[in-house]
Amino acid sequence: MKKNITRVGVALVVLFGGIQLYSPERTNPPVDPSNTLYALIPVPQEVRTVLERSCFDCHSHETRWPWYSAFAPARWIVVSDVEEGREHLNFSEFRKYKSLRAIAKADMICEQLQNGTMPLPAYLSLHPGAQVSPQERDLICDWVESIRDTLFSLE
Ligand code: HEC
């Protein structure tokens, strides 16, 4: 019995070591301040605070990589969420969205908060502090409403 437990233990250590060989890179590409959301439109400090706290880890180039993301298999999941998140919505590159696209993205931010689909549930279970309160959600939706005309008049 003891021998079997040792064997399973050794097998697990070897397996854990083996999967570390496939380690996709955790990147934080440099941020050009002239390309960010903040360069495009006025963003009140209260809105910035919520976005930076609850969304920037997956939707910007300023990801705070948690310690467990250093090791497979958690690493695979976190890297893939961040890459996919940045592809869909990137606050560090928001200025690159053309007018109508920027409006659509802004609308989606409010929508995702109203539906409770963002931040991702798995992320929330590990970062309970990232939960967006109903007051914060309303604050962000009001801000989205307030910038629509400005975004519409952009190129
Ligand atoms: C743990 C990573 C993670 C966090 C944190 C996160 N998101 Fe996302 N987000 C994703 C991923 C992955 C997708 C793309 C797949 C999907 O829609 O589920 C996405 C998609 C989106 C989209 C859809 C964009 C499009 O064009 O389809 C919006 C809008 C969005 N997120 C807003 C937010 C907001 C607002 C926050 C903060 C309150 C947030 N997200 C926090 C990972 C995250």
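This text follows the structure it describes.
For clarity, every value in this text was computed on a predicted model and none was experimentally measured. (Residues numbered from 1 in each chain as written. Predicted model: local features only at pLDDT ≥ 70, side-chain atom pairs only at ≥ 80, totals over all residues. Heavy atoms only, no water.)

A. Focus on the site of the ligand. The local shell around the ligand holds 19 residues, among which Cys55, Cys58, His59, Lys105 and Met118 are the closest. For the ligand, an oxygen atom lies 2.7 Å from a polar atom in the side chain of lysine 105. It is helix H6 (residues 99-115) that contributes the most residues to the shell around the ligand, five residues altogether. A breakdown of the residues in the shell around the ligand according to their chemical character gives 11 nonpolar, five polar and three charged. (Near = heavy atom within 4 Å. Polar contact = N/O pair within 3.5 Å; in protein donor to acceptor, adjacent residues only side chain to side chain. Helix = DSSP H or I, 4+ residues; strand = E, 2+ residues; numbered from the N terminus. Nonpolar A, V, L, I, M, F, W, Y, C, P; charged D, E, K, R; others polar.)

B. Looking closely at the nonpolar core. Ranked by internal contacts, the top residues of the largest apolar core, which has 26 residues, are Leu37, Leu51, Phe91, Phe94, Ile140, Trp143 and Leu151. Elements that contribute at least two residues to this core include exactly helix H2 (37-40), helix H3 (45-54), H6 and helix H8 (134-152). Sequence-distant contacts of leucine 151, that is, excluding residues within four places in its chain, are made with Leu40, Ile41, Ser99, Ala102, Ile103 and Ala106. Counting residues in hydrophobic clusters, the runner-up holds six residues, among them Cys58, Trp65, Tyr68 and Val82. (Core = buried A, V, L, I, M, F, W, Y, C linked by side-chain atoms within 4.5 Å. Buried < 20%, exposed > 50% of the residue type's maximum accessible area, 1.4 Å probe, protein only. Contact = heavy atoms within 4.5 Å.)

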